[in-house]
Amino acid sequence: MATERLTPERRRELTHNALLDAAETVFAQRGFEAAALDDIAAAAGFTKGAIYSNFGNRQQLFLAVMERHNQRLFDAYARLLDDAKEHRPDVNAIAKVWGEHELANRGMLTLSLEFRLRALRDKEVGKAFAQFERRTEDLIAGFVAERLADAHASIDVPVEEFAAILYAANQGLWQHAATCGTKHPRLFETFLELLIRGANRDVTMKDHLIG
């Protein structure tokens, strides 16, 4: 059985991913403040120096964990939409992806809320988190723009603004569904249905005016 020859680039990639895996686990278990970099590095099989050389500090490591989480969610959405080129996937399929990556991941939600609170209290952390938020909105905007182009469709608001609304709605729904004592089995599906209904209404009104 042939073994993979590790180039320097591949070795760095493996180290990077191992540190992210360990960080996600340790952060989820202990929280942002209590998680020791020594423990994260040891869990990944490295020294603390590997964290500094790959991420710089605890804050950037944490944000990298969150960014990877977001990227995995959008990759899952992309796979779903790519598999449904000939027809629009129903809201239940989209909501299933959301449920598996967001709602089921209470650890990531807890960390997100913990870091948001820290960002509100610490000016320097707030600056770093604001940059993360803008990168996330850019990721959403790029995703939406690509899908609109594929469908030869358009929306009435700037894509960047639409992305910010989607992001804010996602955060609110994620928090509410995880903490509210009332069961909302179709909360995200209903949000999507309202969104699609509003878009379809705008198209119908335009067609009526033009006609």
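Remember, predicted model here, so these are calculated numbers, not experimental data. (Residues numbered from 1 in each chain as written. Predicted model: local features only at pLDDT ≥ 70, side-chain atom pairs only at ≥ 80, totals over all residues. Heavy atoms only, no water.)

**Student:** Looking at this model, I keep getting lost on the pattern of salt bridges. Mind explaining?
**Tutor:** Side chains that carry opposite charge are capable of pairing whenever their charged atoms lie near each other. With the rule as written, the count across this model stands at 13 salt bridges. Between R12 and E9 there is a salt bridge; the shortest N-O distance is 3.7 Å. Of this pair, R12 and E9 both sit in helix α1 (residues 8-34), three residues apart, which is roughly one turn of that helix. Note that E67 and R135 form a salt bridge whose closest N and O atoms lie 2.4 Å from each other. Pair noted here: E67 is in helix α4 (residues 58-83) and R135 is in helix α7 (residues 123-151), with a separation of 68 residues, a long-range link. A single network of salt bridges, built from pairs that share partners, joins D21, E24 and R68. (Salt bridge = Lys/Arg side-chain N within 4 Å of Asp/Glu carboxyl O. Helix = DSSP H or I, 4+ residues; strand = E, 2+ residues; numbered from the N terminus.)

**Student:** Even after reading the chapter, I still don't get the nonpolar core, so can you show me in this structure?
**Tutor:** Considering soluble globular proteins, one finds that nonpolar side chains tend to be buried as a cluster. One finds F27, I40, L61, F62, Y77 and F188 to be the most contacted residues of the largest nonpolar core, which totals 56 residues. A per-element tally of this core places α4 first, with 11 residues. When near neighbours in sequence (up to four residues on either side) are disregarded, L61 contacts L19, L20, A23, F27, L37, I40, I51 and F55. (Core = buried A, V, L, I, M, F, W, Y, C linked by side-chain atoms within 4.5 Å. Buried < 20%, exposed > 50% of the residue type's maximum accessible area, 1.4 Å probe, protein only. Contact = heavy atoms within 4.5 Å.)

**Student:** Help me out: how do you make sense of the side chain of H69 in this one?
**Tutor:** Among the secondary structure elements, H69 is positioned in helix α4. Those residues in contact with H69 that lie beyond four places of it in its chain are H101, E102, N105, M108 and W174.

**Student:** Can you walk me through the packing of α1 against helix α6 (residues 106-121) in this structure?
**Tutor:** Geometry of a packed helix pair, given as the angle between the helix axes and the separation of the axes. At a closest axis distance of 9 Å, the pairing of α1 and α6 adopts a crossing angle of 40°. On the basis of the axis angle, α1 is oblique to α6. Seen from above, α1 lies across α6 with left-handed handedness. Here E24, F27, A28, G31, F32 and E33 of α1 come into contact with α6, specifically with M108, L111, E114, F115 and R118. (Axes fitted to C-alpha atoms, helices over the stretch in contact; angles between N-to-C directions. Parallel < 35°, antiparallel > 145°, perpendicular 65-115°, else oblique. Left-handed = near helix turned anticlockwise from the far one by under 90°.)

**Student:** Any chance you could explain α1 here in plain terms?
**Tutor:** Owing to its 3.6 residues per turn, the α-helix aligns residues three or four sequence positions apart on the same side. Across its 27 residues, α1 extends only 33 Å between first and last C-alpha, which sits more than 12% below the 39 Å expected from 1.5 Å per residue. Considering bend angle alone, the principal kink of α1 is centred on A28 and spans about 85°. Among the residues of α1, those classed as buried are T15, L19, L20, A22, A23, V26, F27, G31 and F32. Contacts made by the buried residues of α1 are with α2 (37-44), α3 (48-55), α4 and α6. (Expected span 1.5 Å × (residues − 1). Bend = angle between axes of the 7 residues up to and from the residue.)

**Student:** Mind showing me how you'd approach the environment of G107 here?
**Tutor:** Residue position: G107 is located in helix α6. Sequence separation of G107 and A28 is 79 residues, and the distance between their C-alpha atoms is 5.2 Å.

**Student:** Please explain the packing of α1 against α2 as it appears in this structure.
**Tutor:** At a closest axis distance of 8 Å, the pairing of α1 and α2 adopts a crossing angle of 130°. In terms of their interaxial angle, α1 and α2 are classed as oblique. Regarding α1 and α2, the two cross each other, and that crossing is right-handed. Contact residues: A18, L19, A22, A23, V26, F27 and R30 in α1; D39, I40, A41, A43 and A44 in α2. The residue makeup of the contact of α1 with α2, split by class, is 10 nonpolar, no polar and two charged. (Nonpolar A, V, L, I, M, F, W, Y, C, P; charged D, E, K, R; others polar.)

**Student:** What is the right way to read the side chain of R68 from this model?
**Tutor:** Within the secondary structure, R68 sits in helix α4. Reaching out from R68, the side chain makes a polar contact with the side chain of E24 at a distance of 3.2 Å. (Polar contact = N/O pair within 3.5 Å; in protein donor to acceptor, adjacent residues only side chain to side chain.)

**Student:** Where do I start with the packing of aromatic side chains in this structure?
**Tutor:** Taken as a whole, this structure holds 12 aromatic pairs when the rule is applied. A centroid spacing of 5.2 Å and a plane angle of 70° characterise the contact between F32 and F62, whose relative ring orientation is edge-to-face. Placement of the pair is F32 in helix α1 and F62 in helix α4, with a sequence separation of 30 residues. The two residues F32 and F62 agree in class, both being buried. The aromatic ring of F32 is capped on one face by R58, whose charged end is 5.7 Å from the ring centroid. (Phe/Tyr/Trp six-rings, centres within 6.5 Å; stacked < 30°, edge-to-face > 60°. Lys NZ or Arg CZ within 6 Å of the ring centre and 35° of its normal.)

These figures capture arrangement, not role.
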